[in-house]
Amino acid sequence: MLNGFLDVWSRRAERGEDTKGTLFDPPSDASGPDAHTRRTDLRRKAAAGAGALAAAGGLTAAALLLRKRRGR
């Protein structure tokens with residue numbers, strides 16, 4: 001369905017201007033969706049925190065299931 005939509009949409013879309021783009025003429029300042037301001041050290045800490053939170057959630061769910069089974 002999405003493929004059909006994109007085919008129709010791309011045929012109806014206005015034609016864009018042909019430029020050199022960023023391949024042959026890169027911008028002189030920071031560019032991109034985050035303007036290269038992301039800090040990799042913070043991303044690693046956030047990923048580690050998310051992993052620890054997921055593990056804690058899994059352990060909690062397992063403990064609740066075991067408790068429920070023993071209660072039967």
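Note that the coordinates shown come from a computational prediction; the quantities given were computed from them, not determined experimentally.

1. A word on the overall build of the protein chain
Helices and strands together make up the secondary structure of the protein chain, namely 3 helices and 0 strands. Scanning the protein chain from its N terminus toward the C terminus, one meets helices and strands in the order α-α-α. When each of the 72 residues of the protein chain is scored for burial, the buried share is 0%. Accessible surface computed for the protein chain: about 7300 Å², of which carbon and sulfur atoms make up 58%.

2. Concerning the confidence of the model for the protein chain
Chain-level statistics for the protein chain give a pLDDT mean of 82 and a share of 83% at 70 or above. Mean pLDDT per element in the protein chain: helix H2 (residues 21-24) is the minimum at 71, and helix H1 (residues 2-12) is the maximum at 90.

3. Overview of a nonpolar patch on the surface
Residues Leu2, Phe5, Leu6 and Trp9 make up a contiguous nonpolar surface patch of about 470 Å² in total accessible area. Within the secondary structure layout, Trp9 lies in helix H1. Here Trp9 falls in the exposed class, since its relative accessible area comes to 53%.

Basis of the calculations
- Residues numbered from 1 in each chain as written.
- Predicted model: local features only at pLDDT ≥ 70, side-chain atom pairs only at ≥ 80, totals over all residues.
- Heavy atoms only, no water.
- Helix = DSSP H or I, 4+ residues; strand = E, 2+ residues; numbered from the N terminus.
- Buried < 20%, exposed > 50% of the residue type's maximum accessible area, 1.4 Å probe, protein only.
- Areas by Shrake-Rupley, 256 points an atom, 1.4 Å probe, with all protein chains shown as cover.
- pLDDT = per-residue confidence, 0-100.
- Patch = residues over 30% accessible without salt bridge, like charges linked within 9 Å, V, L, I, M, F, W, Y side chains within 5 Å.
- Salt bridge = Lys/Arg side-chain N within 4 Å of Asp/Glu carboxyl O.

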